[in-house]
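Spelled out, the chains give:
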Amino acid sequence: MTSVQPKIFYASEHGIDPSLIDPDALYVLNKLRDAGFLAYLVGGSVRDLIVNIKPKDFDISTSARPEQIKSLFQRRCILIGRRFRLAHIRFSHKIIEVSTFRTGENVDQLIVQDNVWGTPQEDVLRRDFTINGLFYDASNHSIIDYVGGWEDIQHRLLRTIGQPEVRFKQDPVRILRLLKFNARFGFDIDADTAQAIETCHREILKSSPARILEEFLRMLESGASSRFLRLLAHYGFLNLLFPPFAKLLRTAHGKKIFHYLSCADQLHHHKGQNVLERPVLTACLLFPVLEWELERKYLNNKKIPHIGEITLEGSALIKELLIHSFSNFPRRITSSALAIMVGQYRIAPLSGKRHYRERMFRNKEFEMSLKFLKIRALVDEKWVDTYTSIRNQYRQFLHQGEHRHKHSPNHKENPR
Ligand code: ATP
Ligand code: MG
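Note that the structure is predicted; figures quoted are calculated from it, not measured.

This part is about the pattern of salt bridges. For the structure shown, the criterion picks out 24 salt bridges. A salt bridge links Asp123 to Arg127; the nearest nitrogen and oxygen atoms lie 3.0 Å apart. In this structure, the salt-bridge partner of Lys169 is Glu165, at a minimum N-O distance of 3.3 Å. Of this pair, Lys169 and Glu165 are both found in helix α7 (residues 164-170), 4 residues apart, which corresponds to roughly one turn of the helix. Residue class for Lys169 comes out partly exposed when judged on its relative accessible area of 42%.

When its domains are assigned, the protein resolves into domain 1 (1-155), domain 2 (156-207) and domain 3 (246-405). Centre-to-centre separation of domain 1 and domain 2, based on C-alpha positions: 22 Å. Every contact between the two is made by 20 residues of domain 1 and, on the other side, 16 residues of domain 2. With both sides pooled, the region where domain 1 packs onto domain 2 buries about 1500 Å², and carbon together with sulfur makes up 56% of that total. Here domain 1 is connected to domain 2 by 2 salt bridges. Arg159 is paired through a salt bridge with Asp152; the nearest N and O atoms lie 2.9 Å apart. At the boundary of domain 1 with domain 2, the tally comes to 12 residue pairs in polar contact (both at pLDDT 80 or more). Those elements giving two or more residues to the side of domain 1 that touches domain 2 turn out to be α3 (44-50), α5 (120-125) and α6 (149-154).

In this section: the site of ligand 1. The local shell around ligand 1 holds 17 residues, among which Lys56, Asp171, Arg174, Arg184 and Arg218 are the closest. Contacts to ligand 1 include Lys56, whose side-chain N or O atom sits 2.9 Å from an oxygen atom. Contact distances for ligand 1 include 2.6 Å between an oxygen atom and a side-chain N or O atom of Arg184. In isolation ligand 1 has 590 Å² of accessible area, and contact with the protein removes 86% of it. Going through the elements one at a time, α3, α8 (173-185) and α10 (209-220) are the ones with two or more residues in the shell around ligand 1. When residues in the shell around ligand 1 are grouped by element, the largest group, 5 residues, is from α8. Residues belonging to the shell around ligand 1 are distributed by class as follows: 1 nonpolar, 3 polar and 13 charged. For the shell around ligand 1, the two domains that each supply at least three residues are domain 1 (1-155) and domain 2 (156-207).

What counts, and where the lines are drawn
Residues numbered from 1 in each chain as written. Chains lettered and ligands numbered in written order. Predicted model: local features only at pLDDT ≥ 70, side-chain atom pairs only at ≥ 80, totals over all residues. Heavy atoms only, no water. Salt bridge = Lys/Arg side-chain N within 4 Å of Asp/Glu carboxyl O. Helix = DSSP H or I, 4+ residues; strand = E, 2+ residues; numbered from the N terminus. Buried < 20%, exposed > 50% of the residue type's maximum accessible area, 1.4 Å probe, protein only. Domains from an automatic or database assignment. Contact = heavy atoms within 4.5 Å. Buried area = accessible area lost by both parts, 1.4 Å probe. Polar contact = N/O pair within 3.5 Å; in protein donor to acceptor, adjacent residues only side chain to side chain. Near = heavy atom within 4 Å. Areas by Shrake-Rupley, 256 points an atom, 1.4 Å probe, with all protein chains shown as cover. Nonpolar A, V, L, I, M, F, W, Y, C, P; charged D, E, K, R; others polar.

Have a look at this one:
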């Protein structure tokens, strides 16, 4: 590979706010540099810093080999992955991922391990989009750009690194990632890249269902889930990945589902990142349909379904819409999503009778049910009072719990 000189952009030009950089990431970068290695922030965090968003995680690329990283960070560090070893540096509430510069996918599986390591340039050329291919050198606050990512961010343009068709065929998950960035940042898609989405459309079925699901769930959490789902439907991916759900979205329910998601997105923007758990977001995809089914099968026939019947309806919907598709939603998500939906009818029973609240508050899914009720209150004002009152009762319940705990004979103020 011919090496090219990168473009360098200094602080006066890029204007990154250094306070957005995690001090623990800086600690890791400095320690690696002090030991004589190259070490840069890379990928999504650099992109987010340039567009002035606080990054949710900080990835680091370095010339240090995994064993060298391990010996530098000792017990803080665990090495993961078999073929490509990565280092996780642990801090109390987070992990900083550190990976050694490596080359791209033309690497033959049989090549001895040493050959997979690469130069900084090779390390960015294997990445997906130019906007994700920048380094940030914290030692002199500069951006190092081998791929034209800086200009693309300025022009708000999404472009693959290398030939789009080739890159999408190598890893079709990149197409979903592209739509995610399109939804999230509103950047345009470069013409060649857009063309390749059409050409490589069906390639998506060759990728790993688990990775597809992970990207799908991440987009639900992204704060732009409603826009992303529209794009996924528009380009025909939803039809390939979740056919029954895609069909449902084209009906009147679709509108409601988009509405739930855009309210969830609103909460996300309001509070920052990942305030809504995956089951809460999954419930947004299903609840409008559940309500409709209950109305059609029960309420319209003057019957009131009991909790057991609601649970059965909910699990049938989950099976029909999110399981038996290309990527199956895992049980740990669907069972909580079901509990959240059923929880709505415990909070506000269709019979109008009040349930014993304390028991409901003790349910491990209750907090997620409450968050979902908040989304419902955004979707429809008629739930605002219920939400406020239940939330206040719950706070009081927690407060009393703390009080009880403090005054229990076993409680010691300062155990140490
Ligand atoms: P997010 O903000 O959603 O985390 P991200 O760009 O940081 O977006 P990650 O999945 O955290 O996404 O990946 C980190 C980096 O790894 C990306 O910025 C990109 O450089 C590279 N990357 C991730 N997935 C791929 C892929 N499928 N092909 C090539 N490079 C990838
Ligand atoms: Mg990331």
